[in-house]
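# Descriptive analysis of the structure
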Amino acid sequence: MGSFALPTGFRHLPGYFDRSAQEALVAEIRTVVAAAPLYVPRMPRSGKEMSVRMTNCGDLGWVTDKERGYRYQPTHPETGAPWPSIPSSLLKLWKNEAQFAPPPQACLVNFYDASAKMGLHQDKDEQEFGAPVVSVSLGDDCLFRIGGVGRSDPTRSLRLSSGDVVILGEQSRLAFHGVDRIYPGTSTLLKNGGRINLTLRRVTPKPCGAQTG
Ligand code: SIN
Ligand code: MN
């Protein structure tokens, strides 16, 4: 923890989704995963496995592998099928909180088991940084870390719980962030435990004439 100010545009909305909304979201994500199975993402060049398991819904999905690295594509890397569509409750979340029209193009689904984590990184594979990143936590708590736009800027840690929403917009759109750890057994939402993170993003530039939301 530090007493410095985080970049503007960082928002943490604890308990945004109540238990029944969380259960409905999990059911929708199970449908997504049935059509677009979780796969093992690999780091560019080294081919090292990430500890999270991933899939996507939306017109575009974020993927990574040894050969071609970080990118967005319209199809699942293993099945070749188009990604399933984004659940309407998430489109509604974007409409209400992102203050950015048009709607999100990508929803990354990250699954963390008890030992998974995600190193400090920036979300910068998009062409549109005017749109925020909107993310939802489901299942076990995690320790989330957020810093500034420089890798060595001071960081602050906060615990995210099931149903929480985090928004990285404005000056925090390119802030470094990551997940240091999962707290196993802190939620009963997922019957086998673990944490799901859903991340909504715009990828391509806003079409000319689009409303500002
Ligand atoms: C991410 O940065 O892709 C995931 C963040 C999270 O799991 O909360
Ligand atoms: Mn990220």
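To start, this report covers the structure provided alongside it. (Residues numbered from 1 in each chain as written. Chains lettered and ligands numbered in written order. Predicted model: local features only at pLDDT ≥ 70, side-chain atom pairs only at ≥ 80, totals over all residues. Heavy atoms only, no water.)

To continue, consider the layout of surface pockets. The computed volume of the largest pocket comes to approximately 710 Å³. Along its surface, the largest pocket is lined by 35 residues, and Met 50, Met 118, Gly 119, His 121 and Asp 123 are the ones closest to its centre. Listed by contribution, the elements that provide at least two residues to the lining of the largest pocket are β5 (106-112), β6 (118-121), β7 (133-139), β10 (165-168), β11 (177-183) and β12 (195-201). For the lining of the largest pocket, the class distribution of residues is 15 nonpolar, 10 polar and 10 charged. Computed from the structure, the second largest pocket encloses a volume of approximately 260 Å³. (1 Å grid on protein atoms, 1.4 Å probe; cavity = no way out; pocket = protein on both sides within 12 Å on 5 of 7 lines; lining within 4 Å. Points joined across faces, edges and corners; volume = space filled by probe spheres on them. Helix = DSSP H or I, 4+ residues; strand = E, 2+ residues; numbered from the N terminus. Nonpolar A, V, L, I, M, F, W, Y, C, P; charged D, E, K, R; others polar.)

This part is about the sheet that holds β7. With antiparallel pairing, six strands are arranged side by side in an open sheet as β1-β10-β7-β12-β5-β2. Because the sheet does not close on itself, it has two edges, and the strands there are β1 (10-13) and β2 (53-58). Averaged over all adjacent pairs, the angle separating strand axes in this sheet is 15°, with direction ignored. Here four bridges tie β7 to β10, and the two strands are oriented antiparallel to one another. (Pairing = 2+ DSSP bridges. Axes fitted to C-alpha atoms, helices over the stretch in contact; angles between N-to-C directions.)

Taken in spatial order, the four strands line up as β6-β11-β8-β9 in an open sheet, and their pairing is antiparallel. The sheet is open, and its two edges are formed by β6 and β9 (156-160), each paired on a single side. Between one strand and the next, the sheet's axes are offset by a mean angle of 25°, whatever the strand orientation.

On the protein side, the manganese ion (ligand 2) has His 121 (NE2), Asp 123 (OD) and His 177 (NE2) as donor atoms, found 2.2 Å from it. You can call Asp 123 buried: its relative accessible area is 5%. (Donors = N, O, S within 2.8 Å, 3.2 Å for Na, K, Ca; no water. Buried < 20%, exposed > 50% of the residue type's maximum accessible area, 1.4 Å probe, protein only.)

Relative to the assigned elements, Glu 67 resides in the loop between β3 (61-63) and β4 (71-73). A relative accessible area of 64% means that Glu 67 is categorised as exposed. For the pair formed by Glu 67 and Arg 145, sequence separation is 78 residues and the distance between their alpha carbons is 29 Å.

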